[in-house]
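# Residue-level structure breakdown
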Amino acid sequence: MLKRTLALTAGLALSFCTLLSQAADTLKVSAIPDEAPTELLRKFKPLGAYLEQQLGMKVEFVPVSDYPAVVEALATDRIDMAWLGGFTFVQARLKTGNAIPLVQREQDAQFTSKFITADPAVKSLADLKGKTFAFGSVSSTSGSLMPRYFMLKDGIKPEAYFSRVGYSGAHDATVAWVQAGKVDAGVLNASVWEKLVAAGKVDTNKVKVFATTPAYFDYNWTVRGTLDPALAAKIKAAFLALDPANPKDKEILDLQAASRFIETSPDNYKGIEEAARAAELLK
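A brief report on the enclosed structure follows. Here the structure is a predicted model, which means the values were calculated and not measured. (Residues numbered from 1 in each chain as written. Predicted model: local features only at pLDDT ≥ 70, side-chain atom pairs only at ≥ 80, totals over all residues. Heavy atoms only, no water.)

Moving on to the sheet that holds strand β5 (residues 113-117). Spatial ordering of the open sheet is given by β7-β6-β8-β5-β9, a layout of five strands whose pairing is mixed. The open sheet has two free edges, formed respectively by β7 (164-167) and β9 (208-212), since each of these has just one partner strand. Between one strand axis and the next, the sheet turns by 30° as a mean value, whatever way the strands run. Where strand β6 (residues 132-135) and β7 come together, four bridges link them in parallel fashion. Following the sheet pairing, F133 is matched in β7 by V165. Contacts from helix α7 (residues 171-180) reach β5, β6, β7 and β8 (185-189), with the element oriented near 155° to β8. (Pairing = 2+ DSSP bridges. Helix = DSSP H or I, 4+ residues; strand = E, 2+ residues; numbered from the N terminus. Axes fitted to C-alpha atoms, helices over the stretch in contact; angles between N-to-C directions. Contact = heavy atoms within 4.5 Å.)

Structure (structure tokens):
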């Protein structure tokens, strides 16, 4: 009986060690769901394959249901790395105390949001008083926080200024709402707007941009603070090595809507934190 118990214990220990080894050999990656899940996966596949090659380990994409789920997954070490908006990064940094931003796209140092409408009479935010308006996700930097912040600076409190404020949940959904007439206007990430226009997924004879926010820092790739520093350094080096002059690298960069990746730091997102506190979005 004792031998059988010892054998069973040894077997369980071996299985547990095997699971730990498998986990250590897999980089779990996620992203804020600012677009449709199928689009997020399509964009990630070539990047994931590239990272597997560069890191010598399996890379697995882990979809999440909403923005807070990404922050929670990083905080509980269920994922190793995530594509975050500036505000989501601030939330992750405050929750974990040690989330590390590795790289951002070159354009993320000068990011903007686009205000759109299908109403020909709307030329500015002044024309939207008493009308309906859509943000993206409550936790979106470019689809909610920064547009709200800039509106507040101009004396516009959305809930009092518009007749109804809605949250579409994602940038492409905001465009769909405006195009379908579900709301009179909305605001979204400039990069997604340009991508949708280029792909012919927006009727530009109907939907137009009528305003653009000032620039701010936005998206980055962040790793959990407990990740092996040597692995984090290899991940950063892999992103920085992507060369737009190399056709295979350019394919990856294009899917990420990136000209190239550059280093970033927590200090770049202090302005986002200030905006979030001013908008009373941080407790």
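Next comes the rest of the write-up.
Further remarks concern the side chain of D108. Assignment of secondary structure puts D108 in the loop between β4 (100-105) and β5. Residue D108 is classed as buried on the basis of its relative accessible area, which comes to 0%. A polar contact of 2.9 Å, which involves the side chain of D108, links it to the side chain of R105. If we skip the residues at most four places from it in the chain, D108 touches W83, Y216, F217, D218 and Y219. (Buried < 20%, exposed > 50% of the residue type's maximum accessible area, 1.4 Å probe, protein only. Polar contact = N/O pair within 3.5 Å; in protein donor to acceptor, adjacent residues only side chain to side chain.)

Without other data, these values stay purely geometric and don't point to any function.
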